Amino acid sequence: MKNVYESPLASRYASEYMLNLFSPDVRYRTWRRLWVSLAKAEHKLGLPVSEAQVRALESAVDAPIDYDLVAKREAEVRHDVMAHIYAYGVQAPEAKGIIHLGATSCYVTDNADLVIYRDALRYIRGELCAAAANLCDFIEQYAAMPCLGYTHFQPAQLTTVGKRASLWLQDLMLDLEELDDVLGAIRFLGCRGTTGTEASFMDLYDGDTEKIDEMNRMIAADFGFEKLYDVCGQTYPRKLDSRILNVLSSIAQSASRFANDIRLLQHEREVEEPFEKSQIGSSAMAYKRNPMRSERICSLARYLMADAANAPMTASVQWLERTLDDSANRRISLPEGFLACDAILRLMRNVTSGLHVNEHIVSRHVRDYLPFIATENLMMEAVRRGGDRQEIHEIIRSASMAETAKMKQGEPWDLVAALAREPAFCMDENQIRALLIPEDYTGRAPQQAKAMAERCRIWAVPAEQTAEINL
């Protein structure tokens, strides 16, 4: 429908996997799976839930959900969970009387969120590792290639193309550490009742607390969780939402830093993002080759970093055992945060898989600035050859200022020739140029880059799924 708003994250940017994971169908089928798991545990632990009722619920889990019936019922009762319980009962009439026995709404809403968020984080991990693996390939290829380093975006000492990329990779590895911490911290809510006291189950199980604990362990295990929260109100602690959006924001920060660097390097014509054969850079300026993918990464990252502010504001105003002012916000901020992060990483995978280095331009920039960068080494060598350190320093200072002025005026300039013309410098032009070997001025950059790539490959094992990229 083109006359109804739809999120660009859904229509343009996010993967099919993530769109499906956050779809209503996955959410509500997870609710049904939770009702099956609860009934199954209650049956095994001796409550009046028959095996036939459990089977009836199981048989209806994958049946098409009658969303028209759900909408009609919700309009009547103004309660989404009760509407879905009603629709589920229509499809499993033998079991309609025991659906949701002892539970409150957050049993399905919150536990389903935990399942979906966990699966989404695992998928994000795979995309993050895929982008990191692309950077590893790039780093290994260019680990030793000298390039001009910048501080304050002003020419500084030399580094290597691979070493610079290792900075991007390290940011992703720090995000991966944080992501794994969040994944390890996720616990299941279980079925705890309206205020988290499990009072309804104390009644159902006649005060047998071991059965209540076993019921919660059984349900958690059905969904792949080994741990449950020790205590809770009606919901799982909203602190988890803060941790989730924080790590998604952290990934966005790293991706934006990477993309901004690519935009700067593309301006310098040193490194370019992929550009397809028939791609159009501008509707008016046909010669343009804009870094549109990197710009899109930065744009989406800005949105996600702002979105992350929602979760701490929600977590800080939970109002004792439960309030509902989190509901509408979480329906938007968490899914949209995941979809944005997914889109960012898909773009980053695309860019990192096709980075192009203009090696001649990189080498030319090194040649242009290496005489200035090497002046301290040249001074030491001139002194070793009998020169006066203070006199040599003044020669270098004066010549550097003069040649820099020529450079800024667009005039021919040559610092090496200018130094060689000074007899007190104690070296001729050939002797000076023999000392200007770029690889001698990159320090440990090649070794650092290779070591970073090797560590990443060992640690960052990607998940099985990898979405196709066509951006």
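Residues numbered from 1 in each chain as written. Predicted model: local features only at pLDDT ≥ 70, side-chain atom pairs only at ≥ 80, totals over all residues. Heavy atoms only, no water.

Turning our attention to the packing of aromatic side chains. The full count for this structure, using the stated rule, is 15 aromatic pairs. With a centroid separation of 5.7 Å and 25° between ring planes, the pair formed by Y117 and F338 is classed as stacked. Here F338 lies in helix α14 (residues 327-353) and Y117 lies in helix α7 (residues 105-142), a separation of 221 residues in the sequence. Note on accessibility: Y117 and F338 belong to one class, buried. Of the aromatic side chains, those joined through ring pairs into one cluster are Y28, W31, W35, Y67 and Y88. Between R73 and the ring centre of Y86, over which it is positioned, the NZ or CZ distance is 4.4 Å. The aromatic ring of Y236 is capped on one face by R238, whose charged end is 4.6 Å from the ring centroid. (Phe/Tyr/Trp six-rings, centres within 6.5 Å; stacked < 30°, edge-to-face > 60°. Helix = DSSP H or I, 4+ residues; strand = E, 2+ residues; numbered from the N terminus. Buried < 20%, exposed > 50% of the residue type's maximum accessible area, 1.4 Å probe, protein only. Lys NZ or Arg CZ within 6 Å of the ring centre and 35° of its normal.)

One pass over the full model with this rule turns up 26 salt bridges. With a shortest N-O distance of 2.7 Å, R27 and D113 are connected by a salt bridge. Linking R27 in helix α3 (residues 24-44) with D113 in helix α7, this pair joins segments that are 86 residues apart in sequence. D113 sits in the buried class, given a relative accessible area of 6%. Between R122 and D119 there is a salt bridge whose closest N-O contact spans 4.0 Å. Of this pair, R122 and D119 are both found in helix α7, three residues apart, which corresponds to roughly one turn of the helix. (Salt bridge = Lys/Arg side-chain N within 4 Å of Asp/Glu carboxyl O.)

Moving on, we get to the side chain of Q53. Within the fold, Q53 resides in helix α4 (residues 51-60). A distance of 3.3 Å separates a polar side-chain atom of Q53 from the backbone oxygen of E94. Filtering out sequence-adjacent residues up to four positions away, Q53 remains in contact with P48, E94, A95 and I98. (Polar contact = N/O pair within 3.5 Å; in protein donor to acceptor, adjacent residues only side chain to side chain. Contact = heavy atoms within 4.5 Å.)

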